[in-house]
Structure formats: structure tokens, C-alpha cells
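Structural characterization, general
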Amino acid sequence: MEEGPYKCVRDVNETVRRVIRMGTRKSQLARIQTDYVAEKLKTLYPDVNLEIVAMSTIGDKILDTALSKIGEKSLFTKELENALERNEVDLVVHSLKDLPTTLPEGFTIGAVLQRESPHDAVVLHPKNDGLTLDSLPNGSVIGTSSLRRAAQLKKRFPHLQFKDIRGNLNTRLKKLDDKEDYAAIILAAAGLKRMGWEARVSQVLGPEDCMYAVGQGALAVEVRSRDSDILEMVSTLHHSETVLRCIAERAFLRHLEGGCSVPVAVHTEVKDSVLSLTGAVYSLDGADSLKETMKASVAHSNQIRVEESIHIQHVGVTAQNVPQCSQAAAEKLGLDLADLLLSRGAMEILTTARKLNDAR
């Protein structure tokens, strides 16, 4: 049976149960991530039926072009958001790093789950087992479609060459193993862990080698901002520290007008209620860069009323159970750091990088 925009079913006892339709990409990793969110929701709301609706996105379909060359900000999200707008699904599970920092009107990120490792990982061709990026032979080819990774690693490991590699995790690992085109590939550590492939990780890249992408390692649940009941339901999945780190990162990126077409990297941590954000911008070859760190207190008074922040978004995030003052401080930190880099010439670096990438 159907009731309004929401789907309901009757169980064997004739009890009407609401069905929550969860949109996701079709890749194995996306399904694993969506199943993970579904399990958490099922534990919290056992009376709700969950139905998973999988679909392909632009980024899944165009596999012969580097992501940074396609020129679409919503490569892995647009079709899912279209389904959300048409009420074909009630929520969508994303990798947060795939979500643009400005969402379409009427949508919000209703949950940011606890972050897995945000770092990048090196996966070696089997013949190079035991080596590291430092010890790979001169001229070894490293596969990555990320301008951010390539820019940092070109500067850090000048003896290596870097080449685009596209496809989902399964496809990229197959390209690595089946041929000898690549000595290694660089992938997100979080995705490898979620796939159960930690054994393939030869090296995890710390911030001194390669800072990560905005939102990397975190899962996000996108909903229609008008659906207060769905928003309330998924808000229980928020992880406060991850929310604050990712708000700061997203604010930094949005103020720089960055995306996958320019090399922007971050590193965040929270210690003793102080949020530290390191942000950097790079030329395509990594030779020119700007990198700075700023800190801000995200402590809050116990008197803060959480309900005051229910409908306030920070860089697309609506976090009902995270103090408004802490979210505002995190967003301001991202903006302030972006302003600092802009005052030192970041826009010139990014504009040149974007033009060179377009010309490739």
C-alpha cells in the first residue's frame, strides 16, 4: 500500500510498517556501505522496513576519462539526488568526499557517521611485494586518477611517474594485478577496509606524504530537508567529532571553490576540544604549494539547547545532536584558513592548475 509520498507494507499480523527506501550506487563498495548504514538504522528502529534501491551514476558510466576532466561536480551523486527529488527514495548513502560542498536546494546531509581512516593507501603489484614508494625503481608508474594525490606524491617521490586509472575498487585492483602497467596504485584506506581487503595495503600514507581529500573516510546520509521525521531518524547516526572535522574541511574547500578538478588537501584532528585544520593547495606537479594550519575551540556549554540547531545547515550538514556553537566554530575555522591561503596566492595556484588540467 502507499500512503502519501511514503511507502508502507502490512506484515503477516496486518501491522502497517513504513518502508524506508535507501538509494545507493551499484558498486560493491557502495552496497557494503549502504548495508552498514541499514544495519545501524535497523538496530535503532527495528519496526521500520528498509529497502535498498541501487542505480548507476555518471561517474560509474564514464570510465575512460579522468574524473577531473569530466567537468561535472556531482559525478557520483546526481542520479541519486534526482531519485530523492522524485520521491523514489527517502534517503541516499554516499561517501562524503563525493558530495559537493553546495547541495541542491531542498537537500541536506542528515547524518555523518564515524569516520574510518581518512588516509590514502598504497597497493603494490604482486611482483613488488615488500617495497614502498620510496624503494620502488626509478620510473615506476603509479596509478591514481586524483589530482590531489598525484600533486603531493610527485613532489614527495620525484623518481616515480603517475598515470590515470579509473573504475571502481574491483576494477582498479584487477587492472593492477592482471597487467604490468602499474607498479602500484593509490586508493582510500577506508574503502579497502570496508571491502575486507586490508591485506592488500602495503603502506598507509601519513600527512607528511599525502594529506587526504575533504570528507574522505566518512559516510553521509543525504535526505530531503523538509522530511523532519527522516531527518530525526538518521540524525541518531551522527558522530560529533567527525561532523565537526568534516564541517571545517567542507567550509575550507567551498570557500576555495575547489573540487576534484583542483588539488586541495586537508588534515584534521580534535584534541581536548580543540579542532586543528591543516589545509593545502598545489600546482598539478606539486612544485608550487601553500599549506597552513589553524586551530579553534569547539568546546560547548552544557546549557546549549540542541533543538536550537535543528534546521540550521553548515556546509550542507544538518546535525541535530551536535551543539550549534561547535558547528559554527568549525565552519568559521574552515573559512578563516581558506581566507589565509587566498591572501597568500592560493587562487592563482588553483586557477593555473584548473587551466592546465583542462588543457591536458
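Now for a quick tour of the structure.

Scoring rules and cut-offs
Residues numbered from 1 in each chain as written. Predicted model: local features only at pLDDT ≥ 70, side-chain atom pairs only at ≥ 80, totals over all residues. Heavy atoms only, no water. Pairing = 2+ DSSP bridges. Helix = DSSP H or I, 4+ residues; strand = E, 2+ residues; numbered from the N terminus. Axes fitted to C-alpha atoms, helices over the stretch in contact; angles between N-to-C directions. Contact = heavy atoms within 4.5 Å. Buried < 20%, exposed > 50% of the residue type's maximum accessible area, 1.4 Å probe, protein only.

1. Comments concerning the sheet that holds strand β13 (residues 264-271)
Ordered in space as β13-β14-β15, the three strands form an open sheet in which the pairing is antiparallel. Edge strands, defined here as strands with exactly one partner in the open sheet, are β13 and β15 (289-297). Ignoring which end each strand starts from, the neighbouring axes of this sheet average 10° apart. As paired strands, β13 and strand β14 (residues 274-282) are joined by eight bridges and run antiparallel to one another. By the bridge assignment, lysine 271 is partnered in β14 with valine 274. This element, helix α9 (residues 240-256), spans β13 and β14 of the sheet and lies at about 150° to β13. Across the sheet, helix α11 (residues 346-359) touches β13, β14 and β15, and the angle it forms with β14 is around 50°.

2. Structural notes on the pairing of strand β7 (residues 120-124)
In terms of residue burial, β7 counts as a mostly covered element, since five of its five residues are buried. Burial along β7 is two-sided: the face carrying Asp120, Val122 and Leu124 and the face carrying Ala121 and Val123 are both buried. Sheet topology note: the β7/strand β10 (residues 184-188) ladder contains five bridges and is antiparallel. By the bridge assignment for β10, leucine 124 is matched with alanine 184. Here β7 runs beside strand β11 (residues 203-205); their pairing, made up of three bridges, is antiparallel. The partner of aspartate 120 across the bridge, within β11, is leucine 205.

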